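Structural overview for review
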Amino acid sequence: MDGFTLGTQWLQYAVSGLTIGVIYALVAIGYNIIYNVTEIINFAQGEFVMLGGLFAVFFVESLHLPIILAFAAAVGMVGLVGLCMDRFIIRRARNASVLSLIIITISVSILLKGVAMFGWGKDPYSLPAFSSGSPIIFRGAAIQPQALWVIAVSALVVIALTFFFHRSVYGKAMLACADNPNAARMVGIPVHRMVLLSFVLSAAIGAVAGVVITPISLMEYDRGALLGLKGFGAAVLGGLGNFFGALVAGVILGLAESFCAGYLSSGYKDAVALTLLLLALFFKPEGLFGSSEAVKLKRF
Amino acid sequence: MSGRDRWIFPGVMLLVALFPLLARNIDAISHYVDIMVFAGIFSIVSLGLCLLMGYAGQISLAQAAFFGIGAYASGIMTGRFGWNPWAAMPVGIFAASGVAWLVGVPALRLKGHYLAMATLGFGVIVTIVFSEELEWTGGPSGMVDIPGMTIAGRAVASEIAWYYLVWVFVFLVLLFCFHILHSRVGRALRAIHEQETAAESMGVPTSRYKVQVFVLSAALAALAGSFYTHYVTFLTPSSFNLMWSIRFMLMVMVGGMQSLWGALLGTVLLTFIGNEWLQVFADFEILVYGAILLVVALFLPKGLVSLVPRRTGSKDIRKPAANDGSS
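The paragraphs below set out a description of the structure included in this document. (Residues numbered from 1 in each chain as written. Chains lettered and ligands numbered in written order. Predicted model: local features only at pLDDT ≥ 70, side-chain atom pairs only at ≥ 80, totals over all residues.)

A word on the overall build of chain A
Using the following cut-off: A run of H or I in DSSP counts as a helix once it spans at least four residues, and a run of E counts as a strand once it spans at least two, with each numbered from the N terminus. Two things to know: the radius of gyration comes from C-alpha atoms, and the globule rule equals 2.2 Å times the number of residues to the power 0.38. Exposure classes come from backbone-placed C-beta atoms, where a residue is buried if 20 or more other C-beta atoms lie within 10 Å of its own, exposed if 12 or fewer do, and partly exposed in between. For the purpose of contact definition, each residue receives a C-beta atom placed from its backbone, and two residues are in contact when these atoms lie within 7 Å.
Helices and strands together make up the secondary structure of chain A, namely 12 helices and two strands. In sequence order, chain A lays out its α and β elements as α-α-α-α-β-β-α-α-α-α-α-α-α-α. The C-alpha radius of gyration of chain A comes to 19 Å, within 12% of the 19 Å expected for a compact globule of 300 residues. Considered along the principal axes of its C-alpha atoms, chain A spans approximately 65 × 50 × 35 Å. A total of 300 residues make up chain A; the buried ones form 51% of that total. Relative to all contacts within chain A whose residues are 6 or more apart in sequence, the contacts with residues 24 or more apart total 76%.

Some thoughts on the overall build of chain B
Counting secondary structure elements, chain B contains 13 helices and two strands. The C-alpha radius of gyration of chain B comes to 19 Å, within 12% of the 20 Å expected for a compact globule of 327 residues. Taken over the C-alpha atoms alone, chain B extends approximately 55 × 45 × 40 Å along its principal axes. When contacts within chain B are restricted to residue pairs at least 6 apart in sequence, those whose partners lie at least 24 apart make up 77%.

Some thoughts on the packing of helix α8 (residues 184-194) of chain B against helix α10 (residues 206-232) of chain B
Residue and element names in this part refer to chain B. To be explicit about the condition: Axes here refer to lines fitted to C-alpha atoms; in helices the fit is confined to the stretch in contact. Angles between the N-to-C directions go from 0 to 180 degrees. In these notes the angle categories are as follows: under 35 degrees is roughly parallel, over 145 is roughly antiparallel, 65 to 115 is roughly perpendicular, and the rest is oblique.
For the pair α8 and α10, interaxial distance at closest approach is 10 Å and the crossing angle is 110°. With respect to α10, the axis of α8 lies roughly perpendicular. Residues Val185, Ala188, Leu189 and Ile192 of α8 touch α10, and the partners they reach there are Thr206, Tyr209, Lys210 and Val213.

A look at the interface of chain A and chain B
What counts is decided by this rule: Residues are grouped as follows: Ala, Val, Leu, Ile, Met, Phe, Trp, Tyr, Cys and Pro are nonpolar; Asp, Glu, Lys and Arg are charged; every other residue, Gly included, is polar.
In this complex, chain A contributes 36 residues to the contact, which on the side of chain B involves 38 residues. Listed by contribution, the elements that provide at least two residues to the side of chain A that touches chain B are α4 (98-120), α9 (224-237) and α11 (269-283) of chain A. Residue composition of the side of chain A that touches chain B, by class: 26 nonpolar, six polar and four charged.

Observations regarding helix α12 (residues 260-277) of chain B
Test applied: A helix is expected to span 1.5 Å multiplied by its residue count minus one.
Here α12 of chain B contains 18 residues, and its C-alpha end-to-end distance of 24 Å stays within 8% of the 26 Å for a straight helix at 1.5 Å per residue. Here the buried face of α12 of chain B lies against α1 (5-25), α2 (32-55), α7 (159-181) and α11 (242-255) of chain B.

Below you can see the structure in the form of structure tokens.
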């Protein structure tokens, strides 16, 4: 009997780790898209997630939209926020130094957090799950249907992005900007528009993560920083710019966090992902799947 | 010290020395003395950060964590073990310096965004430790029973006494910083800021200097933290969270990153904004900070001191290009 409960607990932690892990992966992918095109690390990435969740709450609670419409509307709104961020702020700082760019994206993140606090207050909000239904019991572990939604939606996003970057003209143009912005400009790619697109896309992906996770873990105005930091951990661990790496690393971080919370200490669960981030930055800044040769050429 | 600083230094000192005499006698601003005590404490942090950011060109989003290590070390040694605050102070400074060295050696090999994220992550971890180690820190509900300070057996009780105590230390730290900047190390730091690779190829041991400045800024933050502990005699982890690290960075940026006077000016200004002028609409606070930070970063990257016309003769950094970055 003991062995049985131990087994189910294990499974339970694994499921919740996987769920939160794919969220980190989505945040990491958001970092990667902007980094790939602009070489900027957007410190406001976590706020996109928070805004996504809170906008969805607004559309469901106040406007009584069905969840699917609210989902789309929230993603659209946050995409618009990303667009404004690039158009009105980042574009002005085109020639700014790295230090200034860091400070600018940090200040955007504080502003977004402040606006969210102003608009929604300090209380955590919840969303109804996407589909009603009781938890699925699998080998003694209870799996919420929403967890399946999280994983399915994330998988869809990753597949769609893969197609976008490898099949569509826009996606290929964005990758070209990443490789060499000057050469891209010379062959006629509107680099400005690609940068704009990268911000919109990355904000929208952050919002998707925010909407799907809110029914499970609630959402409040100050969740962005920590989500962003952990997502960045996933991005570094997976190799900055590498989508597949981000997915794997996000899941690793999620599992590590969930198992720590279950077996060691729930208070220190946030510290686990951050410690992994520090270890990755200190000892393997090229990530698990990056080459150490290539990382020397990157501009941070 | 060179050029204008020789005149500014005693001038500012006189101003600071006379301020309480004026403020004490005007009811409307008599509580400004208290705010200036905080401004002095924060100045010690921001002067250290100014050396690191403005002169060495390295970012740190962990200053509040070092400030907190100093504060909690002092609080624990005095409150728990009954040490004298002056004996507890070096403990905090050593603890913060040790931690800064451990983190700094690997972290300062990183640049720009990565360094910012690494210090940010480290700062958040330290805040988590403050909240979780209930037995030592009292956790989120706070730490009480911290004694005040004494000098030669007499308690530093009044605000005025605190004011002079703290500001004497601020000016000592300021002198020390000027001394560093006009030494071999100071020139090396500026060289690192301008062109790290060039500095390195000229034989400047860049990584050693960067770590040393990082450790120094942590030590100063811990010193300030110790004063803070004994002045407010109550600690909660929220005084040392990420927002405070950003606030310290803002203090340095508003005044002018590449000027110690700028850091001092920015700190006093921001402390007044935070403790006095924003009290009216406390919930706007975060929006105001974000807006100030954004405006300064976009339009005034060299801070308020850049608005003061420069006279020739001072040997500070004078460079037309806005190249204040680290890559």
